[in-house]
Amino acid sequence: MNLIRYKSVELDKKFFLPVILIFIALASCLFAFVTLEHEGHWLTGMNNQVVWGIPHVFAIFLIVSASGILNIASISSVFGVPAYKPLSRLSGLLAIGLLIGGLMVLVLDLGRPDRLIVAMTTFNFKSIFAWNIFLYTGFLLIAVIYLWMMFEGRFNKYVTRVGMFAYGWRIILTTGTGSIFGFLVAKEAYDSAMLAPLFIAMSLLFGTAIFIQTIYYLKSSFEVIVGEIIFKRLRKLLLYFILAVLYFTILFHLTNLYATTHHDYEFFLLLSGNVYTYLFWIGQILLGTLLPLYLVSSKRFENCWNTLLLSSFLIIFGGFIQLYVIIISGQAFPLDMFPGFIENSTFGDGEVAQYIPSIYEFMLGLGGIAIASAVFIFGILILEFVPDSLKDEHLQNK
Amino acid sequence: MKKYEIKLDRRNFLKKSTMVGLASIAPGVFFQEFAHARPLDEPASDKIRWGMLIDTNQCTEDCDACVTACNDEHGIEDFGRPATDTQWIRKLNLIDEFSGKQHSIPMMCQHCENPPCVDVCPTGASFKRADGIVLVNKHTCIGCRYCMMSCPYKARSFVHENLENQLPHAPRGKGCVESCTLCVHKIDRGDGTTACSEACQKDGHQAILFGDLNDPESEISKQLSKFGGKEIRSDLGLNTAVRYRGI
C-alpha cells in the first residue's frame, strides 16, 4: 500500500529571509549584467588568455548538478528502489531549477546575449556547444514531462519509461558538458576522453550533496520527519559518489602522467606551488574529498545528521574548487606552440596567465543560484512536491 | 575675341563626348583587369588558397611594423589594458633552449584548412571562406569565446571595450570575437597583399610574403617548394596557410 502523501507548503514568514536573499542576489546579478553589457567585459577578471572565468564555474556546477540531482528520481523509477519514490518529485523540481540557473549564468555572460535567438536558431552541428543547446533544453522538457507523469495518477504507469529516457538523456548531457573541454585538442590540460566520465561522476556527487542540503532544509523548516532509511541511503550514496569522483580524478591525472606531452601541465598543477596547486590539494582533495570521505564512512558519525550536512557542504565547496581548477588552470597554463623554445610576447605567450575574478562575475554566478532557489521555493509553494513524511514506516520496501 | 570661340557642331560634339565617356570609364575597366578585383556578386573561388610565408631570418626583434600596420589598417586601439586589449598580430620572441639561438616572428591567425575555431563555434559564425580565409561573421557571433578556447595559436581576441569610429572595411564591435582577416578587404579589392606584408616590405625586411598557395607560378609557391615552410603545431593536422621559414 502506498502511504506517501505530498503537500504544498504555506507561504509564511519562514520564507522572509530566503526571499530577501534571493531578491538581493537577483538584483545584483541584473546590475552586473547591465554593467558588463554597457561597459564591456574588461570589468571582469577574464581576458584574452583566461576567456572563461567564475561565471562558467558557477554555470557548469549548476548544470552538472541538475543532471546529478535527477538521479534521485532515477534510483526509484529506473533502478526500482521504492524508498526513493517520495523524493522523486523534489528531485525533478531541483533539476529544473538548477538547470535554469546554470543556463541563465551562461547566457548573461555572453558577449552578445541579445543574440540568444541566433544561438537558438542557427546551428553548427559539428560543435558540441550546439549539441548542448539541444541537450539542455531537451532535459528541461523531459524533466517537466517526468514530473507530470509523477503527479498525474493516470500517467503513473509511464514513470518508469520516462525515467529510463531521462536517465539516458542525463548521461549524454553530462558527457556533452565534459566534452566541451575534452574536445579541446590544443590545450594540454584538456584533450582527454576521461573528462566525460569524470563529469558524470561529478554530477552524481554534487547533485546528491545539494539534495541532502535540501532534505535537511525541509526537515528543519517544514517538519518533514526523515527516517533512518533515507538518511542511511543518502549517506551511502554520497560515499559511493565520492569514491567514483576520486577514482576518475586519479585516472585522469595518471593518464596525463603517462603521456610525456602532458607532464608539464601535471607538474604545473600538482607540484609547482602556484594557486592551483593549493586549490587542488587543499580545496579539492583534502577538504572536498578526503574529509567528507572520512566523515561519511566513519562509524562514529553514522547517525549524525550534522556530519552528513557538513560532508555535503564540503563536497559542494570542493566541487566548486574542482571546476575552478579544471576550467581556470587549463587556460592559465601557457600553450606550447614551439616545443623546445622559450616564448615571450606582449600577448602573454609562454607565461602563466593571471586571473583575478571580479565582483561582477560572482554577482552573475550567485544570480544563477538565486534563480534555482526561486524555482524551488515557487514549486513547493504551488504544487505538492514535499513528502508529508519520510519516516521508515511510511516507505515501501524498507 | 575670336580665339576663345568654341566651334561645336553635331559631329564634333558626338566625337568629343564619346572620347570623354571612354576616358572616364577606361580606368575602371582596365585597372580592374590589372588588379584582379573580384566583383561583389561573385563568390570567392576555391581554386585559390591565400597564405603567407614568413622568413624568420628577415624578421628583427626591434621591428613591429607589421603590428602597427595591422592596427592602423583595422582601427585597432590600445586601451592600456594589455590583458584585454585586442591583438590580431603580435611579435613573438623565441629562444632555442638547446642552442640559445633567438628568433623574432609575427604570429597571427594561421588560417587553417581544418580550423578548430570553425568546428567548435555553436552558431557557425566562425567560418572558412572558399579561398581559405578564416573569418568571424559579426552578425552571428554570440561572444561565447569557445573558439578562443580551441585555437592552438591564441590568435583570437574578444572585444572587451566599447568601440567608436570603426572603419567601414573592418566591422568590429564589443562582445564579439575577432582575429586576423588576412586583410580580406584588400584581397577583394584586388590589392594582392596584406597590410602587414606591405609594411614589412616597406621597412626593407621582406619577411612576410603573401600569395596564392594553389598557384604553382606564384612567388610564395616557388619559395615554398625551394626552401620549404614549417607549419606550427603540425602535429594537430590543421594544414595552416601561414608557414614559417628559418625555425
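Here the structure is a predicted model, which means the values were calculated and not measured.

## Observations regarding the overall build of chain B
Across its full length, chain B holds seven helices and nine strands. For chain B, whose C-alpha radius of gyration is 23 Å, the value lies well above the compact-globule estimate of 18 Å for 247 residues. Among the 247 residues that make up chain B, the fraction classed as buried is 41%. Looking at chain B alone, contacts between residues at least 24 apart form 62% of all its contacts between residues at least 6 apart.

## Here's the deal with the interface of chain B and chain A
Taken together, the contact pairs 46 residues of chain B with 38 residues of chain A. Per-element tally for the side of chain B that touches chain A: the top contributor is strand S2 (residues 89-96) of chain B, with seven residues. Looking at the side of chain B that touches chain A residue by residue, the classes come out as 23 nonpolar, 12 polar and 11 charged.

## As for the sheet that holds strand S3 (residues 102-108) of chain B
Within a sheet, neighbouring strands are paired by backbone hydrogen bonds and run either parallel or antiparallel to one another. Strand order in this open sheet of three strands is S3(A)-S2(B)-S3(B), and the pairing throughout is antiparallel. Unpaired on one side and paired on the other, strand S3 (341-345) of chain A together with S3 of chain B mark the two borders of the sheet. Direction aside, neighbouring strands of the sheet carry axes that sit 30° apart on average. Bridge count for S2(B) against S3(B) is seven bridges, and the pairing is antiparallel.

## With respect to the nonpolar core
One finds Leu205(A) and Cys66(B) to be the most contacted residues of the largest nonpolar core, which totals 185 residues. Beyond its immediate chain neighbours, meaning those up to four positions away, Cys66(B) contacts Ile89(B), Pro106(B), Cys196(B), Ala199(B), Cys200(B) and Ile208(B).

## Considerations on the environment of Leu205(A)
Residue and element names in this part refer to chain A. As for its placement among the helices and strands, Leu205 is situated in helix H8 (residues 195-221). Judged by local crowding, Leu205 falls into the buried class, with 32 C-beta atoms found within 10 Å. Leu205 sits 40 residues away from Val245 along the chain, and the two C-alpha atoms are 7.5 Å apart. Among all residues touching Leu205, those that are not within four sequence positions of it are Gly68, Phe241, Ile242, Val245, Ile315 and Gly319.

## Overview of the sheet that holds strand S8 (residues 208-212) of chain B
Residues and elements named next belong to chain B. Taken in spatial order, the three strands make up an open sheet running S8-S1-S9, and their pairing is mixed. Where the open sheet ends on each side, the last strands, each with one partner, are S8 and strand S9 (242-245). Direction aside, the axes of adjacent strands within the sheet are offset by 20° on average. Contacts from helix H6 (residues 195-202) reach strand S1 (50-55) and S8, with the element oriented near 135° to S8.

## Re H6(B)
In an α-helix there are 3.6 residues to a turn, and that puts residues three or four apart on one side. Taking burial as the measure, the eight residues of H6(B) include six buried ones, the bulk of the element. Contact partners of the buried residues in H6(B): S1, helix H2 (65-74), S2, S3, helix H5 (184-189) and S8 of chain B.

## Quick notes on the domain arrangement of chain B
One can read the domain layout of chain B as domain 1 (2-35) and domain 2 (50-245). Between the C-alpha centres of domain 1 of chain B and domain 2 of chain B there is a distance of 45 Å.

## Side note on unusual backbone geometry
Residues and elements named next belong to chain A. At Glu223, a position not held by glycine, the phi torsion is positive, near 50°. Within the secondary structure, Glu223 is located in the loop between H8 and strand S2 (225-226). Using a count of 9 C-beta atoms within 10 Å as the deciding quantity, one classes Glu223 as exposed.

## Description of the packing of helix H11 (residues 275-297) of chain A against helix H12 (residues 305-332) of chain A
All names here are of chain A. Where H11 meets H12, the axes come as close as 8 Å, and the angle between the chain directions of the two elements is 155°. With respect to their mutual orientation, H11 and H12 come out roughly antiparallel. Remark: the crossing between H11 and H12 carries left-handed chirality. Residues of the contact of H11 with H12, tallied by class, amount to 16 nonpolar, 10 polar and no charged.

Calculation rules
- Residues numbered from 1 in each chain as written.
- Chains lettered and ligands numbered in written order.
- Predicted model: local features only at pLDDT ≥ 70, side-chain atom pairs only at ≥ 80, totals over all residues.
- Helix = DSSP H or I, 4+ residues; strand = E, 2+ residues; numbered from the N terminus.
- Rg over C-alpha atoms; globule rule 2.2 N^0.38 Å.
- Buried ≥ 20, exposed ≤ 12 C-beta atoms within 10 Å, placed from the backbone.
- Contact = placed C-beta atoms within 7 Å.
- Nonpolar A, V, L, I, M, F, W, Y, C, P; charged D, E, K, R; others polar.
- Pairing = 2+ DSSP bridges.
- Axes fitted to C-alpha atoms, helices over the stretch in contact; angles between N-to-C directions.
- Core = buried A, V, L, I, M, F, W, Y, C linked by C-beta atoms within 7 Å.
- Domains from an automatic or database assignment.
- Parallel < 35°, antiparallel > 145°, perpendicular 65-115°, else oblique.
- Left-handed = near helix turned anticlockwise from the far one by under 90°.

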